[in-house]
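Now for the letters of each chain:
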Amino acid sequence: MNPVRLKEGIYWVGAIDWAVRDFHGYITPRGTTYNNYLILDEEITLVDAVKEDFTEISLKNIRALVEPSKIRHIVVNHIENDHASGLDRIKSFCPDADIYITERGRKGLERFFDISGWNIKTVKTGDTLKIGKRTLLFIETPMLHWPDSMMTYVKEERLLISQDAFGQHIASSARFDDEYITCESMSELEDAVVDYYANILMPFGHLIKSKIEELKKLNLEIDMIAPDHGVIWRQNPQKVLQMYLDMANGKANLSVAIIYDTMWHSTEQMTLPIMQGIRDEGVDCKVIKLRATPMSIAIKEFWKARGALIGTPTLNNIMYPSVSEFLTHLRGLRPKNRIAGAFGSYGWGGGAVKEVYEELKRMGLEIYEPGIQVMYRPSLEDEKRLYEFGKDFARMVKEYHAKF
Ligand code: FEO
């Protein structure tokens, strides 16, 4: 792909990764892109590098516009490997270029590269760099989602280069939101935003809120947001800002995700009357079997719903390993504003449902108790209990949802 013009003199020079499906354990069924941006001004500036394997593609895009040796500044918004591992190769073509980075970024960078000969300029929020007609304003965004993270705002162009924030794991020939929704759909794009937020940014909702507030206080006019993954928001940048604010404020669907695994189908059979009870209370419900679902999709489905019921068989008196794995992932993401309960089956000794509750409580979620268990196979009598359990849980979900 050739460089793509964002604004007069500002180009996307990144790469599309059509094939990546496992992004450090996060499943990416749509692939992704590594976006970086070249600003042609009196002092030519590159914002971000790309993943090492894609460096030659980015260099080719840069060369289509200018010889890399002419790059005067490189801004490193984020040092994670998918953006910075190609930095030293690019830097080798412009050895005199200054690097603009946060102090925490500098400390991290020296763990990846020998930067002893590099001219590093550390920046903090409010610092600016005049590169000719344009001025770059740096805004630190620590823990969004690494300590080093920052954004770069091109004042005269009202362009926010936002690194990971507002990105999506989408590989597409479309570079912009309006192009993408023409060839796919807005709902597909929204889904990719939610997926990205749920799996990467869920723990940082409070930081996202305060950072968006800070951006408002800075009175930045933003008419384009260019993230480091996926499509660039040029038609409606306010949409993704609002989506982030809504998610940070705990927005969820009035729905339930039943997330379970099963050994001999008993726990699986329990999901049906529970689901029916939930539906009969007028609440949407989705059933997700863990062994049939990539982890990141199960996490996304959890995040989309206000309520979750976790189902597990009992194996050697503890919960099923795939359920445990899911809860471990979830706990790391520090979910909030969700109500959860548990159900499960056992043969001769229980224990799994109790363990699930212990995990849910450790996460600080709103808890619906008691859970429900059946021995061996759900009987007709059990099915009635399960149906009522589903109805009762749905009523609690509606009550809890009304608080948001
Ligand atoms: Fe896309 Fe945090 O790297």
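Note: the structure precedes this text.
Residues numbered from 1 in each chain as written. Predicted model: local features only at pLDDT ≥ 70, side-chain atom pairs only at ≥ 80, totals over all residues. Heavy atoms only, no water.

Draft legend 1. Spatial organisation of the overall build of the protein chain. When you go through the protein chain residue by residue, the secondary structure sums to 13 helices and 23 strands. At 24 Å, the protein chain has a C-alpha radius of gyration in line with the 22 Å of a compact globule built from 404 residues. Its C-alpha atoms put the protein chain at 80 × 40 × 35 Å along the principal axes. By the burial criterion, 58% of the 404 residues in the protein chain qualify as buried. For the protein chain, restricting intrachain contacts to residue pairs at least 6 apart in sequence, the fraction spanning at least 24 positions comes to 71%. Accessible area of the protein chain: about 16,700 Å², with a carbon and sulfur share of 50%. Across the protein chain, the centroid of the 51 positively charged side chains sits 2 Å from that of the 57 negatively charged ones. (Helix = DSSP H or I, 4+ residues; strand = E, 2+ residues; numbered from the N terminus. Rg over C-alpha atoms; globule rule 2.2 N^0.38 Å. Buried < 20%, exposed > 50% of the residue type's maximum accessible area, 1.4 Å probe, protein only. Contact = heavy atoms within 4.5 Å. Areas by Shrake-Rupley, 256 points an atom, 1.4 Å probe, with all protein chains shown as cover. Lys, Arg positive; Asp, Glu negative; His and termini not counted. Charge placed at Lys NZ, Arg CZ, Asp CG, Glu CD.)

Draft legend 2. Fine view of helix 4 (residues 103–112). Burial in helix 4 covers these residues: Gly-105, Gly-108 and Leu-109. In a view along the axis of helix 4, the buried residues occupy a sector of 105 degrees, so they form one face of it. Looking at the packing, one finds that the buried side of helix 4 touches helix 3 (87–93), strand 10 (98–101) and strand 11 (119–122). (Arc of directions from axis to C-beta.)

Draft legend 3. Region of interest: the side chain of Asp-382. Along the polypeptide, Asp-382 turns up in helix 13 (residues 380–401). You can call Asp-382 buried: its relative accessible area is 13%. Side-chain polar atoms of Asp-382 contact the backbone nitrogen of Ser-379, separated by 3.0 Å. Contacts of Asp-382, omitting those with residues within four sequence positions, involve Val-374 and Arg-377. (Polar contact = N/O pair within 3.5 Å; in protein donor to acceptor, adjacent residues only side chain to side chain.)

Draft legend 4. Representation of the nonpolar core. Phe-166, Tyr-244, Phe-326 and Leu-327 are the most contacted members of the largest nonpolar core, which totals 72 residues. Two domains each donate at least three residues to this core, and these are domain 1 (4–248) and domain 2 (257–401). Sequence-distant contacts of Phe-326, that is, excluding residues within four places in its chain, are made with Ile-259, Leu-290, Met-295, Ala-298, Ile-299, Phe-302 and Ile-310. (Core = buried A, V, L, I, M, F, W, Y, C linked by side-chain atoms within 4.5 Å. Domains from an automatic or database assignment.)

Draft legend 5. Structural detail: helix 13. The end-to-end C-alpha distance of helix 13 is 31 Å, a good match for the 32 Å that 22 residues give at a rise of 1.5 Å each. All of the buried residues along helix 13 are Asp-382, Leu-386, Phe-389, Gly-390, Lys-391, Phe-393, Ala-394, Val-397 and Tyr-400. The inward-facing, buried residues of helix 13 abut strand 17 (253–260), helix 9 (266–280), strand 19 (305–315), strand 21 (339–346), strand 22 (366–367) and strand 23 (372–375). (Expected span 1.5 Å × (residues − 1).)

Draft legend 6. Structural view of the sheet that holds strand 12 (residues 128–130). Judged by pairing direction, the sheet is mixed, and its five strands sit side by side in the order 12-13-14-15-16 without closing on themselves. The strands lining the two open edges of the sheet, one partner per strand, are strand 12 and strand 16 (224–227). Taken pair by pair, the neighbouring strands of this sheet meet at an average axis angle of 20 degrees, ignoring direction. Of the pairings in the sheet, the one linking strand 13 (residues 135–140) to strand 14 (residues 150–154) comprises five bridges and is antiparallel in character. Among the inter-strand pairings, Leu-137 is bridged to a residue of strand 14, identified as Tyr-153. (Pairing = 2+ DSSP bridges. Axes fitted to C-alpha atoms, helices over the stretch in contact; angles between N-to-C directions.)

Draft legend 7. Fine view of the pairing of strand 19. Counting buried residues in strand 19 gives ten out of eleven residues, a clear majority hidden from the surface. Bridging between strand 17 and strand 19 involves six bridges; their strand directions are parallel. The residue of strand 19 that forms the bridge with Ile-259 is Ile-310. Where strand 19 and strand 21 come together, seven bridges link them in parallel fashion. Paired with Pro-313 across the bridge in strand 21 is Ser-345. For strand 19 and strand 20 (residues 318–319), the ladder comprises two bridges, and the chain directions are antiparallel. Counted as the bridge partner of Thr-314 is Met-319 from strand 20. As consecutive antiparallel partners, strand 19 and strand 20 are separated by two residues, and within that stretch Asn-316 has a phi angle of approximately 55 degrees, a positive value.

Draft legend 8. Region of the structure containing the pattern of salt bridges. Per the stated rule, a full pass over the model turns up 36 salt bridges. Residues Glu-179 and Arg-234 are paired through a salt bridge, measuring 3.8 Å at the closest nitrogen-oxygen approach. Of the two residues, Glu-179 is situated in helix 5 (residues 177–183) and Arg-234 in the loop between strand 16 and helix 8 (237–248); the sequence distance between them amounts to 55 residues. Between Asp-284 and Arg-279 there is a salt bridge whose closest N-O contact spans 2.7 Å. Take Arg-279: its relative accessible area is 40%, and that puts it in the partly exposed class. (Salt bridge = Lys/Arg side-chain N within 4 Å of Asp/Glu carboxyl O.)

Draft legend 9. Inspection of the environment of Val-47 at higher detail. As for its position among the elements, Val-47 is in strand 8 (residues 45–47). Overall, Val-47 belongs to the buried group, its relative accessible area being 0%. Through-space distance from the C-alpha of Val-47 to that of Ile-161 is 8.1 Å; in sequence the pair is 114 residues apart. When near neighbours in sequence (up to four residues on either side) are disregarded, Val-47 contacts Asn-36, Tyr-37, Ile-39, Val-75, Asn-77, Thr-152 and Ile-161.

Draft legend 10. Layout of unusual backbone geometry. Note that the residue after Leu-144, namely His-145, is joined by a cis bond; omega there is 0 degrees. For the peptide bond that leads from Glu-369 to Pro-370, omega is 0 degrees, which places it in the cis range. By secondary structure assignment, the location of Pro-370 is in the loop between strand 22 and strand 23. Phi at Arg-158 takes a positive value of approximately 55 degrees, unusual for a residue other than glycine. Looking at where Arg-158 falls in the secondary structure, it is placed in the loop between strand 14 and strand 15 (159–163). Residue Arg-158 is classed as partly exposed on the basis of its relative accessible area, which comes to 34%. A positive phi angle, close to 60 degrees, is found at Asn-337, a residue other than glycine. The residue Asn-337 is located in the loop between helix 11 (321–332) and strand 21 in this model.

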